[in-house]
Amino acid sequence: MLPGHIKPLKMNYRQELLALFGVNIVCFLVFSSYDTLEWLYHFSRDHEHYELDEFVPLLFSLTITFALFSFRRWKEAQLFYTEVEYLSFHDSMTGLLNRRGAQLKMAHLPAEYAGSAVVFIDFDNFKQINQLYGYEVGDEILKRAASELLKDYEHSLLSRWAGEELMMIVPNINRHTLPSFVDELHNRITTHITLSAHTVSISMGAVWGDAQADHQQLLVLVDEALSFAKQRGGSQVKIFDH
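Residues numbered from 1 in each chain as written. Predicted model: local features only at pLDDT ≥ 70, side-chain atom pairs only at ≥ 80, totals over all residues. Heavy atoms only, no water.

Peer 1: Which parts of the structure should I look at to understand the overall build of the chain?
Peer 2: Of the regular secondary structure elements, the chain holds eight helices and five strands. Walking the chain from its N terminus toward its C terminus, one meets helices and strands in the order α-α-α-α-β-α-α-β-β-α-β-α-β. Residue pairs in contact within the chain that sit at least 24 positions apart in sequence constitute 71% of those at least 6 positions apart. As displayed, the chain offers around 15,400 Å² of accessible surface, 59% of which is attributable to carbon and sulfur atoms. (Helix = DSSP H or I, 4+ residues; strand = E, 2+ residues; numbered from the N terminus. Contact = heavy atoms within 4.5 Å. Areas by Shrake-Rupley, 256 points an atom, 1.4 Å probe, with all protein chains shown as cover.)

Next comes the structure, spelled out in structure tokens:
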């Protein structure tokens, strides 16, 4: 779950439960002060032809039925808002976080992200692939790349940042092992997105950040690295050294 999601909704549930609890306390005090049930008992005895005593089990069964009905609706509402929240913060096609979801997650990164690699992945000539083979092929390339990332880097922050651009923040990466890591990542993704009639290449920009690093600033640096890689012809990796 991402921080900052549907908190007002949860607070409304608490307020409603407290309100219902208060109403029941008031009803209990009123009933106990005026001996309401005893009065109803004597009234029903004095007016047996009304068959009022038959309403007692009926009211009990209606209460149970209403409680079960309300519980089921509450569970359905919880599932609905959970799904809405997921769709609000995730890309429906790839299953990765969308840009908004990634930004929220970045604001609350845990301690293991103190030493991490920030990587941008961009597919070269992606527009031409869509024009030549159709958008279905382009979508399939993105799905394959996302599937590979989710399989091998499930503990990393993974996002479809914009269009055909993917972003990932990988924790527990050493500055000295960053070059070998991004080279391996580049080869792995390229291997799994090949087309039979067209070579699919990717450009990558990467930067390393420590515990004091501002991830928003790192995103600016890694974007510059990616732009440099694409300007040099693509199908390569550029690491921003700072």
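Peer 1: Looking at this structure, I do not really get the pattern of salt bridges. What am I missing?
Peer 2: Note on pairing: side chains with opposite charge can pair once their charged atoms come close. A complete count under the given rule lists nine salt bridges for this structure. The partner of R73 in a salt bridge is E76, with the nearest N and O atoms 2.8 Å apart. Taken together, the residues R73 and E76, both in helix α3 (residues 55-89) and three residues apart, mark about one turn of the helix. Overall, R73 belongs to the partly exposed group, its relative accessible area being 32%. By sharing partners, the salt bridges in this structure join D122, D124 and K230 into a single network. (Salt bridge = Lys/Arg side-chain N within 4 Å of Asp/Glu carboxyl O. Buried < 20%, exposed > 50% of the residue type's maximum accessible area, 1.4 Å probe, protein only.)

Peer 1: Explain the environment of K230 to me, please; I cannot follow it from the model alone.
Peer 2: Looking at the element boundaries, K230 is found in helix α8 (residues 215-231). With a relative accessible area of 35%, K230 lands in the partly exposed category. For the pair K230 and I202, spaced 28 residues apart in sequence, the C-alpha separation works out to 8.9 Å. Every residue in contact with K230, bar those within four places of it in the chain, is listed here: D122, F123, D124 and S203.

Peer 1: Sorry if this is basic, but what is going on with the packing of helix α6 (residues 135-152) against helix α7 (residues 178-192) here?
Peer 2: Packed helix pairs are specified by the crossing angle of their axes together with the interaxial distance, meaning the distance between the axes. Remark: α6 packs on α7, axes separated minimally by 9 Å, with the N-to-C direction vectors making an angle of 130 degrees. Overall, the two elements α6 and α7 adopt an arrangement that is oblique. Handedness of the α6/α7 crossing: right-handed. Contact with α6, carried on its side by R144, A145, E148, L149 and D152, involves L185, R188, I189 and H192 of α7 and no other residues of that element. Of the residues contributing to the contact of α6 with α7, the split by class is four nonpolar, one polar and four charged. (Axes fitted to C-alpha atoms, helices over the stretch in contact; angles between N-to-C directions. Parallel < 35°, antiparallel > 145°, perpendicular 65-115°, else oblique. Left-handed = near helix turned anticlockwise from the far one by under 90°. Nonpolar A, V, L, I, M, F, W, Y, C, P; charged D, E, K, R; others polar.)

Peer 1: Sorry, what's going on with the pairing of strand β2 (residues 157-162) here?
Peer 2: Pairing geometry for β2 and strand β3 (residues 165-171), over five bridges, is antiparallel. By the bridge assignment for β3, A162 is matched with E165. The loop that links β2 with its antiparallel partner β3 comprises two residues; one of these, G163, has a positive phi angle of about 55 degrees. (Pairing = 2+ DSSP bridges.)

Peer 1: Looking at this model, I keep getting lost on the packing of aromatic side chains. Mind explaining?
Peer 2: Summed over the entire model, instances satisfying the criterion amount to five aromatic pairs. Look at F123 and F126: their rings are 5.8 Å apart centre to centre, the planes differ by 50 degrees, and that puts the pair in the tilted class. Summarising the burial analysis for this pair, F123 and F126 share the class buried. Just above the ring of F228 sits the side chain of K238; from NZ or CZ to the centre is 4.9 Å. (Phe/Tyr/Trp six-rings, centres within 6.5 Å; stacked < 30°, edge-to-face > 60°. Lys NZ or Arg CZ within 6 Å of the ring centre and 35° of its normal.)

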